[in-house]
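Observations on the model geometry
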Amino acid sequence: MLNLSVSHIPGTVDACPLDGQMHLRFRVQKGMIQSAKLIYNCDKNKWHEFRDEAEMRITHTDSELEYYSVAVPLTDTRFSYIFELCCSDGKIRYLSEEGLTDSYDHTLGYFSFFQYTSQFACDTMAVPEWVKTAACYQIFPERFAIGNSDKDLSYVNTKWGVKPTPKSYYGGDLTGIREHLDYLVDLGVNVLYMTPVFCSPTNHKYEITDYETVDPAFGGNEALKDLIEDAHKLGIKVMLDGVFNHCSCRHPFFLDAQKNGKNSPYYDWFFWKEDGSYLTFGSVKTMPKLNTGNSEVIRYFSDVAVMWMRDYGADGWRLDVSDEISHKFLRAFRDAVIAQNPEAIIIGEDWHRAVRYLNGDEYDGIMNYGVTKACLDLLAFHTIDSNAFRDRIVRLYHTYSIAANQKMLNLLGSHDTDRFLTRVKGDASRFRTAAAIMFFYPGIPCVYYGDEIGMEGGYDPDCRRTFRWNEDSWDEETRNLIKKLMKLKKEPALSDGTFGVEEADGIVTFTRSAATQTIKLRVNGTDKVNKGLPAYGFEIMM
């Protein structure tokens with residue numbers, strides 16, 4: 001049996017302390033072992049005296065691998081362990097830091113057992129109770145609703161309902177969102193995520209000129225305070241968008257640095273080239289990149305984040321372009337945010353594998369575009385079949401710890417993507433199947449505004465159309481499904497239950513199980529009627 005046939009990632013992926021238990025897992029090639037057990041001691045210093053054992057079980061499989069898991073009570077923070085494998089050739093082998101061996105000398109275990117001994121609260125993942133039942137709704141404030149106020153609308157240049165251009169302004173604001181909180185409550189929303197609300201010369205507000213002031217077009221600071229206060233009264237938490245990777249070229253700090261050079265206190269807040277040009281977000285000259293490794297930059301934005309939480313009640317942050325922000329910044333930012341509110345959550349905009357950011361000391365989860373792409377490949381692009389889809393989901397799930405998985409922001413689309421309904425060429429039934437998958441996958445499901453009523457849209461700016469408030473135009477079947485799924489998200493099985501996914505004969509079955517409840521989702525991953533399900537259809541089984 002080869003070492004390459006079995007894999008365990010110690011640290012924060014395959015070992016995860018959570019809620020008084022240590023969760024452990026490994027993966028192995030199919031057919032290589034018959035059974036497995038965990039050998040462990042919660043106090044590594046007593047390994048040579050005695051060890052406890054726990055049988056492991058297969059919790060997931062894909063086309064190539066079996067995934068074994070177990071959870072055992074934690075009685076000490078100095079946890080040590082190895083795996084004992086009963087192999088298909090009849091031999092017993094051991095998996096430790098030395099790899100796969102035919103024997104294991106426990107008297108010398110302190111050289112090579114796996115350990116997880118850094119279990120300080122600041123170093124490990126915790127899952128706030130509210131996160132377990134969280135059902136999120138993302139709003140692009142400029143396009144959701146115009147509130148009843150006396151604000152100046154002279155900047156509006158496009159009629160509500162007309163397709164947007166990059167320069168379109170419609171007049172949507174925070175008062176409009178606040179006046180429609182009852183709509184969110186009816187839908188089942190308990191988390192509201194808004195794209196940036198701070199002062200900016202753009203409609204999307206990702207080019208910020210003042211981080212301490214809400215844009216007047218959105219109603220100013222009091223409008224945000226009123227929105228958050230009313231949302232909280234209705235049981236809705238509010239997550240703001242932090243654009244700390246870059247700012248506007250019109251920001252006073254940048255203008256000062258550009259004018260005064262090295263004599264400016266803000267010169268080192270940016271990245272300058274010898275010719276006077278500067279690094280930017282992407283290739284967007286109006287968005288100079290901030291030096292997030294600079295201690296003053298870190299202090300300023302940490303203070304800004306705390307101010308919006310302390311004085312206005314924000315419950316968490318989504319960090320724009322988070323994979324280009326320094327780890328130093330992210331750790332300090334988290335310390336500041338959690339000191340203000342231990343129940344706060346930080347979501348990174350990271351489209352790729354983000355394991356190194358999810359150790360409990362930076363952000364909690366990411367915008368989980370891995371789920372998005374898997375659903376697109378099965379239901380829109382048809383580049384994978386049901387078996388490959390199952391493989392994709394299982395492997396994505398095992399990329400992260402069970403704690404991190406519970407805090408992923410799962411989505412089908414956002415202000416940065418084509419709407420899913422447009423990707424499936426307007427086939428609402430396939431959108432509904434994808435929505436069901438999104439809600440059954442562990443984490444925080446996030447509905448992009450208008451998806452629930454059948455809104456379409458291509459790539460930016462088309463995905464940022466205005467909300468259709470004419471109820472006659474709504475897709476009620478889709479909206480009712482979203483309401484049902486948001487209600488199910490509060491049930492024990494979907495909020496805190498185990499997660500399983502299997503595939504057989506073109507049917508992918510998701511199983512969420514809690515002590516008192518099991519709910520299944522069956523998805524037909526074929527383009528034909530199969531096992532009583534229509535092509536790419538689904539059913540929920542209670």
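With the rule as written, the count across this model stands at 45 salt bridges. Across the pair Asp361 and Arg331 runs a salt bridge, and its minimum N-O distance is 3.2 Å. In this pair, Asp361 is assigned in the loop between strand E18 (345-348) and strand E19 (365-368) and Arg331 in helix H7 (residues 327-340), connecting sequence segments 30 residues apart. As a salt-bridge pair, Glu539 and Arg522 come within 2.3 Å of each other at their nearest N and O atoms. In this pair, Glu539 is assigned in strand E25 (residues 538-541) and Arg522 in strand E24 (residues 517-524), connecting sequence segments 17 residues apart. Here Glu539 falls in the partly exposed class, since its relative accessible area comes to 29%.

Attention now goes to the sheet that holds strand E12 (residues 136-139). Here 8 strands make up a closed barrel; going around it, the order is E12-E13-E16-E17-E18-E19-E20-E21 and the pairing parallel. Averaged over all pairs of adjacent strands, the angle between their axes in this sheet comes to 25°, without regard to strand direction. Both E18 and E19 contribute to a ladder of 2 bridges, which runs parallel. Within the sheet, the bridge partner assigned to Ile347 lies in E19 and is Gly365. Sheet contacts for helix H8 (residues 369-379): E19 and strand E20 (409-411); angle to E19, the most-contacted strand, approximately 25°.

A complete count under the given rule lists 4 cavities of 30 Å³ or more for this structure. Its volume calculated, the largest cavity comes out at about 50 Å³. Along its surface, the largest cavity is lined by Thr12, Ala15, Cys16, Pro17, Tyr116, Thr124, Met125, Leu358 and Ser401. Among the elements that make up the lining of the largest cavity, the one with the highest residue count is strand E2 (residues 15-18) (3 residues). Residues of the lining of the largest cavity, tallied by class, amount to 6 nonpolar, 3 polar and no charged. In this structure, the second largest cavity spans a volume of roughly 40 Å³. Every residue along the wall of the second largest cavity is listed here: Leu412, Gly413, Phe431, Met438, Cys446, Val447, Tyr448, Asp451 and Ile482. Sort the elements by how many residues they give to the lining of the second largest cavity and strand E21 (residues 444-448) lands first, with 3 residues. The residue makeup of the lining of the second largest cavity, split by class, is 7 nonpolar, 1 polar and 1 charged.

Our focus in this paragraph is H7. Taking 1.5 Å of rise per residue, the 14 residues of H7 would be expected to cover 20 Å, and the 20 Å separating its terminal C-alpha atoms lies within 8% of that figure. Among the residues of H7, Phe329, Leu330, Phe333, Arg334, Ala336 and Val337 are the ones counted as buried. All buried residues of H7 fall inside an arc of 165° around its axis, so they share one side. In H7, the exposed positions that point more than 90 degrees away from the buried face belong to Asp335 and Ala339. Of the surrounding elements, those touching the buried residues of H7 are helix H6 (295-310), strand E17 (316-319) and E18.

Turning our eyes to something else, we now look at the layout of surface pockets. Estimated volume of the largest pocket: approximately 920 Å³. Arg57, Tyr397, Ile402, Thr498 and Phe499 are, among the 44 residues lining the largest pocket, the residues nearest its centre. The leading source of residues in the lining of the largest pocket is strand E22 (residues 498-504), at 6 residues. For the lining of the largest pocket, the residue count by class is 15 nonpolar, 18 polar and 11 charged. Taken together, 29 residues form the lining of the second largest pocket, with His204, Phe281, Asp416, Asp460 and Arg464 sitting closest to its centre. Class assignment for the residues of the lining of the second largest pocket results in 11 nonpolar, 8 polar and 10 charged.

Below, the discussion takes up helix H13 (residues 476-488). Along its 13 residues, H13 runs 18 Å from first to last C-alpha, staying within 8% of the 18 Å computed at 1.5 Å per residue. For H13, the full list of buried residues reads Thr478, Arg479, Leu481, Ile482, Leu485, Met486 and Leu488. The residue sitting at the N-terminus of H13 and contributing the capping side-chain oxygen is Asp475; that oxygen lies 3.2 Å from the backbone nitrogen of Glu477.

This next bit is on the sheet that holds E24. Strand order in this open sheet of 4 strands is E22-E23-E24-E25, and the pairing throughout is antiparallel. Every interior strand has two partners, whereas the edge strands, E22 and E25, have only one. Mean inter-strand twist for the sheet, computed between neighbouring axes without regard to direction, equals 15°. Sheet topology note: the strand E23 (residues 507-514)/E24 ladder contains 8 bridges and is antiparallel.

This part covers the side chain of Thr158. Relative to the helices and strands, Thr158 is located in the loop between E12 and helix H2 (174-178). Polar contacts involving the side chain of Thr158 include one to the side chain of Ser168, which spans 3.3 Å. Leaving out residues up to four positions away in the same chain, Thr158 has contacts with Ser168, Tyr169 and Tyr170.

The next point concerns the pairing of strand E6 (residues 57-61). Relative to strand E7 (residues 65-73), E6 runs antiparallel, the two being bridged by 4 bridges. Each bridged residue has a counterpart across the sheet, and for Ile58 the counterpart in E7 is Tyr68. Hairpin connection of E6 to E7: 3 residues between the antiparallel strands.

Reading the values: rules and limits
Residues numbered from 1 in each chain as written. Predicted model: local features only at pLDDT ≥ 70, side-chain atom pairs only at ≥ 80, totals over all residues. Heavy atoms only, no water. Salt bridge = Lys/Arg side-chain N within 4 Å of Asp/Glu carboxyl O. Helix = DSSP H or I, 4+ residues; strand = E, 2+ residues; numbered from the N terminus. Buried < 20%, exposed > 50% of the residue type's maximum accessible area, 1.4 Å probe, protein only. Pairing = 2+ DSSP bridges. Axes fitted to C-alpha atoms, helices over the stretch in contact; angles between N-to-C directions. Contact = heavy atoms within 4.5 Å. 1 Å grid on protein atoms, 1.4 Å probe; cavity = no way out; pocket = protein on both sides within 12 Å on 5 of 7 lines; lining within 4 Å. Points joined across faces, edges and corners; volume = space filled by probe spheres on them. Nonpolar A, V, L, I, M, F, W, Y, C, P; charged D, E, K, R; others polar. Expected span 1.5 Å × (residues − 1). Arc of directions from axis to C-beta. Polar contact = N/O pair within 3.5 Å; in protein donor to acceptor, adjacent residues only side chain to side chain.

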